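Structure at a glance
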Amino acid sequence: MLADSTADSTPPAFELPTSAADVSSSTRQAASWLDDNWQSWLASGLRIVFIVVLALVLRAAVRKLIDKLIARMARPAEDEAELGMIGGLLANSGVVNTERRQQRSEAIGSVLRSVSSFTILGTAALMVLSALGVNLAPLLASAGVAGVAIGFGARNLVTDFLSGVFMIMEDQYGVGDEIDTGVATGTVLEVGLRVTKLRGTGGEIWYIRNGEVKRIANMSQGWGTATVDVQVGYKEDLAQVEALILETADQLSKETPYDELVWGRVKVLGVESVAADSVLLRVEARCTPGKAPQVSRALRMRLKAAFDQAGVKLKEEAAAAAAAPVAPVAEVLPPSVLADPTSARSLAAKPIPAQASE
């Protein structure tokens, strides 16, 4: 009985037709099989074509929408009121030049286009496999398990990627900016979605993962502040000194290249500290971001020349004379008691005379 069932379940071996009747029978079976299945094939083919065409059209529409958004982001600052809340957030109403806007918008557009294309085409591929009769349950389950495993193993990579995307969208820094990330300070050479490259003050190159950056100080956005501490003598007329400082700073701001580096009038904030021989005044100037050291050095040099010409003293002369070194005086020792030959100590120090031999 078992042998019979085994024999029945075995598929018949394929045999070539040997006669005209066999050929005619095989042809009729093939035609019948095609007649029974062509409708399902046609429906599946039309469904696949529809899915592919719909995915391509949707992808083109999304990319066109992203291009419009990127074009709106690259508008000048005066047009940001028309962008709306989302566009204004992405455009960043800070002082950003046109080149920086263009670079940031291109980076954001590249990320958005890649994400949208991967999502749309990946979904279309799964729908095509389903239309072909492929069971997607094992595939999706395997993909889910692999995604969880990759998520645990590459969580730092995902964190770096997301941090890089938001850094670019919020325009926290760009190429050429001088920033302080907490772990390193320098000039930005390259901004990536995973790593930011900095050139340090000593010439070294820092590779910093975006996910490790907790706070960023950008010294190249908005404006910079050049601060100069001016020391004058205690008895100098502070009103005259202040007028001299403002006149010198005004002349500096009209000369090239400082006419483009200094933004606005230089301010004398007032007395910072008072000592016995000098008074310290603080001067502040708003300047181009990243150019504060250059402006400070030039202002110090001009103020020194102006003080020398006007006879302004940096310290009081009396205090300087008092601080001059004094020639050392020879130490005078007290007289020794041994100098008196009649003193008790002098007599005690005399040698014992030798006794005469008998």
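Up top you'll find the structure we're talking about.
From a predicted model like this one, the values you see are computed outputs, not experimental measurements.

Here we have five strands laid out as an open sheet, ordered β4-β3-β2-β1-β5, and antiparallel in their pairing. Taken across any chain shown, the strands that pair with only one partner, and hence form the sheet edges, are β4 (205–209) and β5 (217–218). Here five bridges tie strand β3 (residues 195–200) to β4, and the two strands are oriented antiparallel to one another. Note on β4: the bridge partner recorded for Thr-196 is Ile-208.

Turning our eyes to something else, we now look at the nonpolar core. Ranked by size, the top nonpolar core spans 27 residues in total, and within it Val-230, Val-232, Val-241, Ile-245, Val-283, Leu-299 and Phe-307 carry the most contacts. Residue assignment for this core shows that the elements contributing at least two residues are β6 (224–233), α7 (238–253), α8 (258–261), β8 (278–287) and α9 (292–310). No other element matches the seven residues that α9 contributes to this core. Discounting residues that sit within four places of it in the chain, Val-241 has contacts with Val-232, Glu-236, Leu-281, Phe-307 and Val-312. Residues Tyr-173, Ile-179, Leu-198 and Val-213 belong to the second largest nonpolar core, which totals eight residues.

Another aspect to go through is the packing of aromatic side chains. We describe a pair of aromatic rings using the distance from one ring centre to the other and the angle between the two ring planes. Applying the stated criterion across every chain yields a total of zero aromatic pairs. Between the NZ or CZ atom of Arg-286 and the centre of the ring of Trp-223, over which it lies, the distance is 4.0 Å.

Calculation notes
- Residues numbered from 1 in each chain as written.
- Predicted model: local features only at pLDDT ≥ 70, side-chain atom pairs only at ≥ 80, totals over all residues.
- Heavy atoms only, no water.
- Pairing = 2+ DSSP bridges.
- Helix = DSSP H or I, 4+ residues; strand = E, 2+ residues; numbered from the N terminus.
- Core = buried A, V, L, I, M, F, W, Y, C linked by side-chain atoms within 4.5 Å.
- Buried < 20%, exposed > 50% of the residue type's maximum accessible area, 1.4 Å probe, protein only.
- Contact = heavy atoms within 4.5 Å.
- Phe/Tyr/Trp six-rings, centres within 6.5 Å; stacked < 30°, edge-to-face > 60°.
- Lys NZ or Arg CZ within 6 Å of the ring centre and 35° of its normal.

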